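An overview of the molecular structure
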Amino acid sequence: CVPRYRNVMNEKGISPGDMRSATDLVALPVLTRQFVQQHREELVADGFPRERLRVTRTSGSTGIPLEFYSTGEDQRDHGFARSIRALQWTGIQLGDRTATVGRPRSYGAGPSYVLRSIARWMQRSIPVYVDSLSDENLPYVVRLLASARLVGIRAYPNAIALIAAFIKDTGAPVPEVKTIVTGGAELLSHERSIVRDVFGTEPHSNYSSYEAYEIACECSAHEGLHISAEDVLVEVVDDSDTPVPPGVEGRILITNLHNYGMPFIRYDIGDSGTILAGACPCGRTLPRLGSLVGRKNRFLVTRSGSRIFSGTLFLDRLSSLGMRQYQIIQDSVGTVVMRLAADPSASSADERSALEQKVLDMFQAKFGPELALSVEFVDRIEPTEAGKHVFMLSRVPQD
């Protein structure tokens, strides 16, 4: 019994026996990241052996790092099994030779480190660290990928897009791979486009988190992401926490069915998306997520206090100007800095000035007098410690 849910059920006059289907979960409140941070011990199941709890930490890409408890069964058994099946949907079988483009994560010298080492060996995965994706090292990275005889590449979207842009600009040999799987961040339309054009294969978007591990993955039909509904329940809800019909965008809530030590029930993961209606052309009958749009709380605050959400800015238009990377930073209300990594060919002061004016013309009308926009050109935009490219960073309270 979990103290938090025991108290909630007592207050509402319901019992665990009343939870007979997924639709009954609406009787329970939404679990927020802030609540987990502040009341972690209230979410630990009474009597669950403490030695079986594993401290797990999220990457903090939302701006709010989280530390919570998981279990070996949840991670090792169910989570890993879902991951293997999701990769099979993309065409990668266990044992196929792949490369993983990401940032190494420290697991210490305990069981987690051993398990990760065994998993990499079984998966025949070649690690390529995002720190190596500098202008100096990119030629070596591309040669490595081209010579490794890979079946697939798994990567952060911005990392594989950066590699694709380098190949396109330099004419370097294209690694022959059957499958590219992106995860850890939203796959933006311009990233999907350049990866498809360069590698000749449609990338697969994978959706996972530290809180629930594998959640959903795109199959060969590329019409939404199949939810691993046997293990993870997904709801899409409105501002009143009520589930919305298929096709209507809302906040994503997840319920992990196999973390018995610290259950996450109706957990607001911070993303938004839609549930797709109908069956997938691939024949699988699992429910599907569609139009996954990433962190819903990414917005800019204007001088009058109104909000401009990132999804309404159509930032992928920057790729038409030759921008390899971009990032919007808001340090104070009413001001925004757009950091841009432009094509190296646009190096002169006149070319940069012309690009700056085009960017201002493109976005200032959307911002209006409420937001002062400035442009800063950089050589590259470094990823976070978790290896992710945060395209919008607001230091203004998002309340």
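Each value, and the rule that gives it
- Residues numbered from 1 in each chain as written.
- Predicted model: local features only at pLDDT ≥ 70, side-chain atom pairs only at ≥ 80, totals over all residues.
- Heavy atoms only, no water.
- Pairing = 2+ DSSP bridges.
- Helix = DSSP H or I, 4+ residues; strand = E, 2+ residues; numbered from the N terminus.
- Axes fitted to C-alpha atoms, helices over the stretch in contact; angles between N-to-C directions.
- Phe/Tyr/Trp six-rings, centres within 6.5 Å; stacked < 30°, edge-to-face > 60°.
- Buried < 20%, exposed > 50% of the residue type's maximum accessible area, 1.4 Å probe, protein only.
- Lys NZ or Arg CZ within 6 Å of the ring centre and 35° of its normal.
- Salt bridge = Lys/Arg side-chain N within 4 Å of Asp/Glu carboxyl O.
- Core = buried A, V, L, I, M, F, W, Y, C linked by side-chain atoms within 4.5 Å.
- Contact = heavy atoms within 4.5 Å.
- Parallel < 35°, antiparallel > 145°, perpendicular 65-115°, else oblique.
- Left-handed = near helix turned anticlockwise from the far one by under 90°.
- Nonpolar A, V, L, I, M, F, W, Y, C, P; charged D, E, K, R; others polar.
- pLDDT = per-residue confidence, 0-100.
- Polar contact = N/O pair within 3.5 Å; in protein donor to acceptor, adjacent residues only side chain to side chain.

A look at the sheet that holds strand β16 (residues 323-332)
Here four strands make up an open sheet; going across it, the order is β18-β17-β16-β19 and the pairing mixed. Across the chains shown, the open sheet's two edge strands, defined by having one partner strand only, are β18 (372-377) and β19 (392-394). Each adjacent strand pair in this sheet contributes to an overall mean axis angle of 20 degrees, direction not counted. Here β16 pairs with strand β17 (residues 335-342) via seven bridges, running antiparallel. Within β17, the position partnered with S332 by the bridge is T335.

A few points about the packing of aromatic side chains
For the coordinates displayed, the defined rule picks out two aromatic pairs. Here the aromatic rings of F264 and Y267 are separated by 4.8 Å at their centres, their planes lie at 70 degrees, and the arrangement is edge-to-face. With relative accessibility at 1%, the residue F264 sits in the buried group. Chaining the aromatic ring pairs together yields one cluster made of F68, F264 and Y267. Over the aromatic face of F35 sits the side chain of R4, whose NZ or CZ is 4.3 Å from the ring centroid.

Digging into the pairing of strand β7 (residues 204-209)
Taking burial as the measure, the six residues of β7 include five buried ones, the bulk of the element. Relative to β7, strand β6 (residues 179-182) runs parallel, the two sharing two bridges. Note on β7: the bridge partner recorded for T182 is S205. Summarising the sheet, β7 and strand β8 (residues 213-218) pair through four bridges and their orientation is antiparallel. Bridge pairing links Y207 to A216 in β8. The antiparallel pairing of β7 with β8 creates a hairpin that spans three residues between the two strands.

Section: the environment of V378
Tracing the backbone shows V378 in the loop between β18 and β19. Assessed through its relative accessible area of 14%, V378 is described here as buried. Sequence-wise, V378 and A342 are 36 residues apart; in three dimensions their C-alpha atoms are separated by 7.6 Å.

Digging into the pattern of salt bridges
Counted according to the given criterion, the structure contains 14 salt bridges. The closest approach of N and O atoms between E67 and R40, which form a salt bridge, is 2.9 Å. Residue E67 is located in strand β2 (residues 67-71), and its partner R40 is located in the loop between α2 (33-38) and β1 (53-57); the two are separated by 27 residues in the primary sequence. Its relative accessible area of 32% is what places E67 among the partly exposed residues.

Details of the pairing of strand β3 (residues 98-102)
Counting buried positions along β3 yields four of five residues, so the element is predominantly enclosed. The pairing of β3 with strand β5 (residues 152-155) spans four bridges and is parallel. Looking at β5, one finds that T100 is bridged to R154.

Re the nonpolar core
The biggest cluster of nonpolar side chains holds 37 residues, and the ones touching the most others in it are V36, Y207, I215, I252, I254 and L289. Breaking this core down by element, the ones donating at least two residues are α1 (3-12), α2, β2, β8, β9 (225-227), β10 (232-237), β11 (250-256) and β12 (267-276). Ranked by size, the runner-up nonpolar core spans 31 residues in total, among them L150, I153, A159 and A165.

Structural notes on the environment of E223
Within the secondary structure layout, E223 lies in the loop between β8 and β9. Taking relative accessible area as the criterion, E223 reaches 41% and is therefore assigned partly exposed. Between the C-alpha atom of E223 and that of A279, which follows or precedes it by 56 residues, the distance is 9.9 Å. Leaving out residues up to four positions away in the same chain, E223 has contacts with L276, P281 and R288.

Focus on the packing of helix α6 (residues 157-170) against helix α7 (residues 189-199)
Between α6 and α7, the least distance of the axes is 9 Å, while the angle of their chain directions is 45 degrees. As summarised for this structure, α6 and α7 are arranged oblique, according to the angle between their axes. In the crossing of α6 with α7, the sense of the turn from one axis to the other is left-handed. Within the contact between the two elements, α6 uses P157, N158, I160, A161, I163, A164, A165, I167 and K168 and α7 uses E191, I194, V195, V198 and F199. Taken together, the residues that form the contact of α6 with α7 break down as eleven nonpolar, one polar and two charged.

Remarks on the confidence of the model for the protein chain
Across the protein chain, the average pLDDT comes to 85, with 86% of residues at or above 70. Model confidence for the protein chain, summarised as mean pLDDT per element, is weakest for helix α4 (residues 111-123) at 61 and strongest for β9 at 97.

Some details on the environment of D24
Here D24 shows up in the loop between α1 and α2. There is a polar contact of 2.9 Å between the side chain of D24 and the backbone nitrogen of R20.

Quick word on the packing of helix α5 (residues 138-147) against α6
Where α5 meets α6, the axes come as close as 11 Å, and the angle between the chain directions of the two elements is 95 degrees. Overall, the two elements α5 and α6 adopt an arrangement that is roughly perpendicular. Contact with α5, carried on its side by L138, P139, V141, V142 and L145, involves I163, F166 and I167 of α6 and no other residues of that element. Its residues assigned to classes, the contact of α5 with α6 comprises eight nonpolar, no polar and no charged.

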